[in-house]
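Structural characterization, general
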Amino acid sequence: MFYIIDILGTISFAISGVLIAMDKKMDVFGILIIAFVTAAGGGTLRDLLLGNTPVGWMKDITFVYLIIASTIVAIIFKSKLGYLRTSLFLFDTIGIGLYTLIGIEKGVNAGMHPLICIALGTITASFGGVIRDILCNEIPIIFRKEIYATACILGGFTYFLLSELPIPGNIVFLFSGAIVIITRLLAVKFKIALPSLYPAEK
Amino acid sequence: MFYIIDILGTISFAISGVLIAMDKKMDVFGILIIAFVTAAGGGTLRDLLLGNTPVGWMKDITFVYLIIASTIVAIIFKSKLGYLRTSLFLFDTIGIGLYTLIGIEKGVNAGMHPLICIALGTITASFGGVIRDILCNEIPIIFRKEIYATACILGGFTYFLLSELPIPGNIVFLFSGAIVIITRLLAVKFKIALPSLYPAEK
Amino acid sequence: MFYIIDILGTISFAISGVLIAMDKKMDVFGILIIAFVTAAGGGTLRDLLLGNTPVGWMKDITFVYLIIASTIVAIIFKSKLGYLRTSLFLFDTIGIGLYTLIGIEKGVNAGMHPLICIALGTITASFGGVIRDILCNEIPIIFRKEIYATACILGGFTYFLLSELPIPGNIVFLFSGAIVIITRLLAVKFKIALPSLYPAEK
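Reference entry: report on the structure contained in this document. Predicted, not measured: the structure shown is a model, and the values here were computed from it.

1. A word on the interface of chain B and chain C
- Of the residues lining the interface, 25 residues belong to chain B; the matching set on chain C comes to 23 residues.
- When chain B packs against chain C, close to 2000 Å² is buried across both sides, 75% of that on carbon and sulfur atoms.
- In this structure, the connection of chain B to chain C is made through 0 salt bridges.
- Applying the counting rule to chain B against chain C returns 2 residue pairs in polar contact (both at pLDDT 80 or more).
- Within the residue set of the side of chain B that touches chain C, elements represented by two or more residues are α2 (28-50), α6 (114-135) and α7 (148-164) of chain B.
- If you tally residues by element for the side of chain B that touches chain C, the top one is α6 of chain B, at 7 residues.
- Grouping the constituent residues of the side of chain B that touches chain C by class yields 16 nonpolar, 4 polar and 5 charged.

As structure tokens, this is what we get:
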């Protein structure tokens, strides 16, 4: 179940990278790197900070294949990705929920303070996009319109609040993930209510 | 004593990050990340290069709280930070002296060559600002106006020169730190004498 | 033999960094950092991802001296570097061949999957330039004009194809390196045939 979410999340992260790289008129190699960084960069930074080396994608080649395949498919069917927009957004959002929790649990397993674990969850879910934006020579979008990160942080606090209560681990996991997902869905709605902020900024 | 300098240095580094992030019209999350990176980024890069993981701020939560608190206070009292300008500059400069020496001593403890130790000291003191500038989509300021880095390097050479002489470690530490601080104060003065260079460049 | 190639490659990488940093009107410190990052950045990223810390240049001070010396010489004789253009391009290209194979062999020694090893070879040979471009506030050039990376990847596949055959290791090494070098030489020629792409893009 979580594995399927991880796969769908990776695909949607990689495709979002492809679209941004193509906007920047990169070549195939550049597009692949941006797709890879978007999908795997957050987990890589987390692993480096924790000292979990070699980093994750070096040990599970499946995700490398998955990102390469997603990139090729996205380049070929670029003009038709518009039809999948809603699905991709949903996979992406569910992926953020999962990655936040994966990052938190890696921190917990390494004996880190809850605040550090929440930071690691947020890094896992959102810093792939930060590295992508740096490579594309943009100020990271999550530093300017706060959809991802706040959702991850709220989900992280929920995780540690619920962990204090006599609730089974699975329920804590699902409920915290749901908080991330719902917060982001609401935030996207909310952004629609405040469209004046970013056009002027950009 | 050193702990107080470390705290004051961290606060002034974080506040300088807040001011730059607000210039870039970042949201609260972006401002916090930039403050964090400015204060902790140099030490984090040093720890990664040395393999000292999990990196420093993951193990001492005090500084995480300190950076978050400094960020919140700086955002709220932004308009009044101008009054503290001289104090902040002094804390910042003293902080650079301390961080250079912390970096050097981490290198010495890891058995590194003096030149590598000086590089580690310079990285500790100045690469938080480099990462901050990259995240803000600017060419790092210390690559264009050489105030920080030269001071750190001179202080580092002083450290190793004095270490050859029969002088107690504390005196070596204080004197090398003073070289960093004095060099930077003079460099800032000196920059005032050469104001034509940067306006034209920027 | 390989050591000489490594030295010539490091010098030509460092000089290319100096030239780009001077275009950006950096000061001496900035130029040195850009030269260093161009020459040592790819191997540093590879070492970090693999967990080989302290990273390579911290353990072999020779290359630190070499980069510093190349930087100073390049700054002083900048106006005369044009005469060395062809030599520098050749050293650079041979260096890429060598660094690709060094990266691959570090991956093999760490027990990595061939695809990961090829990625590590490509990172070793080309990500110094990526970090250099990020520090110079440019979209990395190898993401837009694909000369380096494709050559490294082709050389990497050649390495693993030949490793399956009963061929001595040295021959595999030399032939794969030659593929990287020849591919890049042809790619540069090929780019001359397609000059319209980049002026319009930039």
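This is not the end of the story, as more comes after the structure.
2. A few points about the relation of the copies chain C and chain A
- In the superposition of chain C on chain A (RMSD 0.0 Å, axial shift 0.0 Å), the rotation amounts to 120 degrees. The superposition operator between the copies reduces to a three-fold rotation axis. Within chain C, Asn 137 of chain C has its C-alpha nearest the rotation axis, a separation of 3.8 Å.
- Counting the interface residues of chain C, we find that no more than 12% of their copies in chain A are interface residues as well, pointing to two distinct contact surfaces.

3. Here we look at the packing of aromatic side chains
All names here are of chain B.
- This structure, assessed with the given rule, holds 9 aromatic pairs over all chains.
- Aromatic pair Phe 13 and Tyr 99: ring centres 5.2 Å apart, planes at 90 degrees, arrangement edge-to-face. Taken together, the residues Phe 13 in helix α1 (residues 2-23) and Tyr 99 in helix α5 (residues 85-109) connect sequence positions 86 residues apart.
- For Tyr 99, a relative accessible area of 7% puts it in the buried group.

4. A word on the pattern of salt bridges
- As enumerated under the stated definition, the model contains 12 salt bridges over all chains in all.
- For Asp 47 of chain A, the salt bridge identified is with Arg 46 of chain A, shortest N-O distance 3.1 Å. The exposure classification of Asp 47 of chain A matches that of Arg 46 of chain A, with both residues buried.
- Put simply, Lys 24 of chain C and Glu 138 of chain C hold a salt bridge, and the shortest N to O gap is 2.5 Å. Of this pair, Lys 24 of chain C sits in the loop between α1 (2-23) and α2 (28-50) while Glu 138 of chain C is found in the loop between α6 (114-135) and α7 (148-164), placing the two residues 114 residues apart along the sequence.

Definitions and cut-offs
- All chains use their own residue numbering, which begins from 1 and follows the written sequence.
- Whichever chain is written first is A, and whichever ligand is written first is 1; the rest continue in order.
- Residue-level local features of this predicted model are given only where pLDDT is at least 70; pairs of side-chain atoms are given and counted only at 80 or more, and the full residue set underlies all totals for whole chains, interfaces and linings.
- Side-chain numbers here rest on the full set of heavy atoms in the structure, without hydrogens or water.
- Contact between two residues is taken to exist if any of their heavy atoms lie within 4.5 Å; hydrogens are not considered.
- Take the accessible area each of two parts loses on contact, using a 1.4 Å probe, and add the two losses: that sum is the buried area.
- Between Lys or Arg on one side and Asp or Glu on the other, a salt bridge is scored when a side-chain nitrogen of the former is within 4 Å of a carboxyl oxygen of the latter.
- We define a polar contact as two N or O atoms separated by no more than 3.5 Å, with the added condition that, inside protein, one atom must be a possible hydrogen donor and the other a possible acceptor, whereas residues neighbouring each other in sequence contribute only through side-chain atom pairs.
- Secondary structure is summarised from DSSP: a helix means a run of H or I of at least four residues, a strand means a run of E of at least two, and numbering begins at the N terminus for each.
- When residue character is reported, Ala, Val, Leu, Ile, Met, Phe, Trp, Tyr, Cys and Pro are called nonpolar, Asp, Glu, Lys and Arg charged, and the others, Gly included, polar.
- C-alpha atoms of residues with pLDDT of at least 70 in both copies form the basis for the least-squares superposition of the copies.
- Aromatic rings from Phe, Tyr and Trp, with only the six-membered ring used for Trp, were paired whenever their centres fell within 6.5 Å, and each pair was classed as stacked if the ring planes differed by under 30 degrees, edge-to-face if by over 60, and tilted otherwise.
- For each residue, the accessible area found with a 1.4 Å probe, counting protein chains only, is set against the maximum for its type, and the residue is called buried under 20%, exposed over 50%, and partly exposed in between.

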